[in-house]
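Notes for the structure review
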Amino acid sequence: MQTPFSLPLRPLALAVSVLFLGGCATFSQDGGFSKVQSLTKERIGKDVTRVKSESDAATVEKTIEPLLAKPLSVDDAVTIALLNNRGLQADYAELGIAEANLVQAGRLSNPLFSFTRLTRGDELSIERQLMLPIMNLLTMPLATKIERRFFEQAQLRAASDALRVADETRRAYFGAVAAQETVKYMEQVKLSAEAGAELAFKMAQVGNWSKLAQAREQTFYADAVTQLARAKQTYASERERLTRLMGLWGNKTAFQLPDRLPALPAAPRNVTDIEAQALQNRLDVLMARRELAGLADSFNLTKATRFINVLDVGYVRNSFNQSPKRETGYAIELNVPLFDWGGARVARAEAIYMQAVDRAAEAAVNARSEVREAYVGYRSAYDIAKHYRDEVVPLKKRISDEQLLRYNGMLTSVFTLLADARSQVMSVNASIEALRDFWIADSSLQMAQTSRSPGNTQRNSNTAATTEPAAH
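Only a predicted model underlies this, so the values are computations on that prediction, with no experimental measurement involved. Every chain's residues receive numbers from 1 upward, in the order its sequence appears when written. Side-chain atom pairs in this predicted model are given and counted only at pLDDT of 80 or more, local residue features only at pLDDT of at least 70, and totals for whole chains, interfaces and linings cover all residues. Calculation of side-chain values draws on the structure's entire complement of heavy atoms; hydrogens and water are dropped beforehand.

1. Topic: the overall build of the protein chain
Helical segments are the DSSP runs of H or I of at least four residues, strand segments are the runs of E of at least two, and each set is numbered from the N terminus. Counting its regular elements, the protein chain contains 12 helices and four strands. Sequence-distant contacts in the protein chain: of pairs separated by 6 or more residues, those separated by 24 or more amount to 81%. Any two residues whose heavy atoms approach within 4.5 Å at even a single point are treated as in contact.

Now the structure itself:
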């Protein structure tokens, strides 16, 4: 048998259950950063930290101080950059934004309470109404699932940002060390050229040297001065680039670099199934897959809310001063699709989904191509550096040694030695650049296998547009 209180109790019970469900979504303890740490650790073996407090900053400071107290290795530079790069820390904030959206999707919209007081002569009418967003509750599981996909994408994106900073730091490190090595070598060339020019000037004064030969020595000295100035400028730029990536300022910018680049490995890396590894490990491919799955769920949500954009249920209680009885009941508000049947939103969602399908396929094709290209570049750079190390530089040294023997035997002049030294300048500089290019190619290969090739920018996703129907 139905009692007079049956109708108001049902909406009230529904309201209590809805509010309970809406309060279940909470933030995680680490903001999802542990996933970023594991993804980065698996790919480059480095730890990343999110600096959120003074104690975190103090820990980072304590970690990088001993690394800066000695000549930096490439691993030390990458460690400092991953801990101290403020731009990277700013990128990590996107993870917090994505988690906030996820938590918000798991919470019910606030109920609407209205109070109306009307008078007609001596008659007083009071209306109280509590409205609950039922449609929001019905679509909450699917909306939460979509936001969780976006949160997972944000984790992959944060890890990709960390790998990008690590790659840029390695490149800047090898560029700075090579530039420093070039400066030191060009300083020796300048001293040699200066001595040759001075000797030529003195011999020309006493008539033992032609004006043409003197001009050649003077030209070589002038070129050496110019090349040294350019080398110093390049070194300053490369060093500052490395400084920015490591987030250093003040006294910390006086860090030391080793005198030489790391030696060429005995043999190049032989990578098997390189394309399969790239498809499995590359974060941009994983992000494309997450985006595709998220858009598929969003498309289903668009269909679910195509005709019913707003469906609210509420409890109504009215009282009158002229009557001891009160009016109780419930109310339902529903937008009737007379003009907008939701077809445009569904078509838009379908187009965005198909766009994501093509982009995911493009990411897979590009990953295969880029990793092949990176490996070819790596092997070519290794072969060139090895050729300079084993053939060109030793051959130049052998010629120099033979010329020195001839000079000691008074079979050649000092200017022949100086001319031979001039011919070695380009070879030595090319050898330094070849070794630098190899290590940069090695870093590019790592990047192509784990994240994406340098310079390959990812298109922005249309996540905001696809989740729009869930908000109605």
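Next comes the rest of the write-up.
2. Regarding the nonpolar core
We call a set of buried Ala, Val, Leu, Ile, Met, Phe, Trp, Tyr and Cys residues a nonpolar core when their side-chain atoms join them within 4.5 Å. Note on classification: 1.4 Å probe, protein chains only; a residue is buried when its accessible area is under 20% of the maximum for its type, exposed when over 50%, partly exposed between these limits. Ranked by size, the top nonpolar core spans 82 residues in total, and within it Tyr173, Leu242, Met246 and Leu257 carry the most contacts. Sorting elements by how many residues they give to this core places helix α6 (residues 134–205) first, with 22 residues. In this structure, methionine 246 is in contact with Leu72, Ala77, Ile80, Ala81, Asn84 and Phe255, ignoring residues within four places of it in sequence.

3. Concerning the layout of surface pockets
Here a cavity denotes a set of grid points, spaced 1 Å apart and computed over the protein atoms alone, in which a 1.4 Å probe fits but from which it cannot get out, and a pocket denotes an open set meeting protein on both sides within 12 Å along at least five of seven lines; residues with an atom within 4 Å of a point are reported as lining. Grid points are joined across faces, edges and corners, and a volume is the space filled by probe spheres set on the points. If you add up the space inside the second largest pocket, you get close to 580 Å³. Taken together, 22 residues make up the lining of the second largest pocket; nearest its centre are Glu181, Arg260, Val428, Ser431 and Ile432. Of all elements in the fold, only α6, α10 (343–408) and α11 (414–450) reach the threshold of two or more residues within the lining of the second largest pocket. A breakdown of the residues in the lining of the second largest pocket according to their chemical character gives 11 nonpolar, four polar and seven charged. Polar here means any residue outside two lists: the nonpolar Ala, Val, Leu, Ile, Met, Phe, Trp, Tyr, Cys and Pro, and the charged Asp, Glu, Lys and Arg; Gly therefore counts as polar.

4. Some details on the packing of aromatic side chains
Between rings of Phe, Tyr and Trp, where Trp is taken as its six-membered ring, a pair exists when centres lie within 6.5 Å; planes separated by under 30 degrees are stacked, by over 60 edge-to-face, and by other angles tilted. Scanning all chains against the criterion turns up seven aromatic pairs. With centroids separated by 5.7 Å and ring planes inclined at 25°, the aromatic side chains of phenylalanine 174 and tryptophan 439 adopt a geometry described as stacked. Placement of phenylalanine 174 in helix α6 and of tryptophan 439 in helix α11 is noted, with a sequence separation of 265 residues between them. Here phenylalanine 174 falls in the buried class, since its relative accessible area comes to 4%. Ring-pair connections join several aromatic residues into one group, and the members of that group are Tyr173, Phe174, Tyr375, Tyr378, Tyr382, Phe438 and Trp439.

5. Observations concerning the pattern of salt bridges
Whenever a carboxyl oxygen of Asp or Glu lies within 4 Å of a side-chain nitrogen of Lys or Arg, that contact is scored as a salt bridge. Within the structure shown, the criterion is met by 21 salt bridges. A salt bridge links glutamate 181 to arginine 260; its shortest N-O distance comes to 3.2 Å. Note that glutamate 181 is positioned in helix α6 and arginine 260 in the loop between α7 (211–246) and α8 (274–281), a separation of 79 residues in sequence. Among the residues examined, glutamate 181 registers a relative accessible area of 12% and is labelled buried.

6. Side note on the side chain of serine 427
Residue placement: serine 427 occurs in helix α11. Here serine 427 falls in the buried class, since its relative accessible area comes to 12%. Every residue in contact with serine 427, bar those within four places of it in the chain, is listed here: Tyr388, Val392 and Lys396.

7. Looking at the packing of helix α4 (residues 74–84) against helix α5 (residues 86–105)
Across the interface, α4 lies against α5 with an axial gap of 6 Å and an inter-helix angle of 45°. When the axis of α4 is compared with that of α5, the two are oblique. Contact residues: Ala81, Leu82, Leu83 and Asn84 in α4; Arg86, Leu88 and Gln89 in α5. Class assignment of the residues belonging to the contact of α4 with α5 gives a composition of four nonpolar, two polar and one charged. Axes here mean lines fitted to C-alpha atoms, for a helix over just the part in contact, with angles spanning 0 to 180 degrees between N-to-C directions. Orientation labels follow simple angle bins: below 35 degrees gives roughly parallel, above 145 gives roughly antiparallel, 65 to 115 gives roughly perpendicular, and whatever is left gives oblique.

8. Quick look at the side chain of glutamine 180
By the element assignment, glutamine 180 lies in helix α6. Discounting residues that sit within four places of it in the chain, glutamine 180 has contacts with Tyr235, Leu257, Pro258 and Asp259.

9. Brief notes about the environment of threonine 144
Among the structural elements, threonine 144 can be located in helix α6. Along the sequence, threonine 144 and alanine 105 sit 39 residues apart, while their C-alpha atoms lie 5.2 Å from each other. Other than its neighbours up to four places away in sequence, threonine 144 contacts Leu102, Ala105 and Gly106. A polar contact of 3.3 Å, which involves the side chain of threonine 144, links it to the backbone oxygen of alanine 105. What qualifies as a polar contact is a pair of N or O atoms within 3.5 Å, subject to a donor-acceptor requirement within protein and to the restriction that residues adjacent in sequence count only when both atoms come from side chains.

10. Description of the packing of α4 against α7
The contact between α4 and α7 brings their axes to 7 Å, and the two run at 50°. Relative to α7, α4 is oriented oblique. Residue-level inspection shows Ala77, Ile80, Ala81 and Asn84 of α4 in contact with α7, the latter providing Leu242, Leu245 and Met246.

11. Description of α7
Within an α-helix, residues lying three or four positions from one another point in the same direction, as the helix has 3.6 residues per turn. For a helix, the expected span equals 1.5 Å multiplied by the residue count minus one. With 36 residues, α7 should cover 52 Å at 1.5 Å per step; its first-to-last C-alpha distance of 52 Å lies within 8% of that length. Following α7 by one or two positions, glycine 247 has its phi on the positive side, about 65°.

12. A few points about the confidence of the model for the protein chain
For the protein chain, per-residue confidence averages 78 on the pLDDT scale, and residues scoring 70 or more make up 75% of the total. Residue-level confidence of the predictor is summarised by pLDDT, bounded by 0 at the bottom and 100 at the top. Confidence, read as mean pLDDT per element, is least for helix α12 (residues 463–466) in the protein chain (38) and greatest for α4 (96). Within the model, the stretch residues 1–9 combines pLDDT values under 50 with three contacts to residues more than four positions away or in other chains. Considering only residues more than four positions removed or in separate chains, one finds that residues 306–312, a stretch of pLDDT under 50, has 29 contacts.

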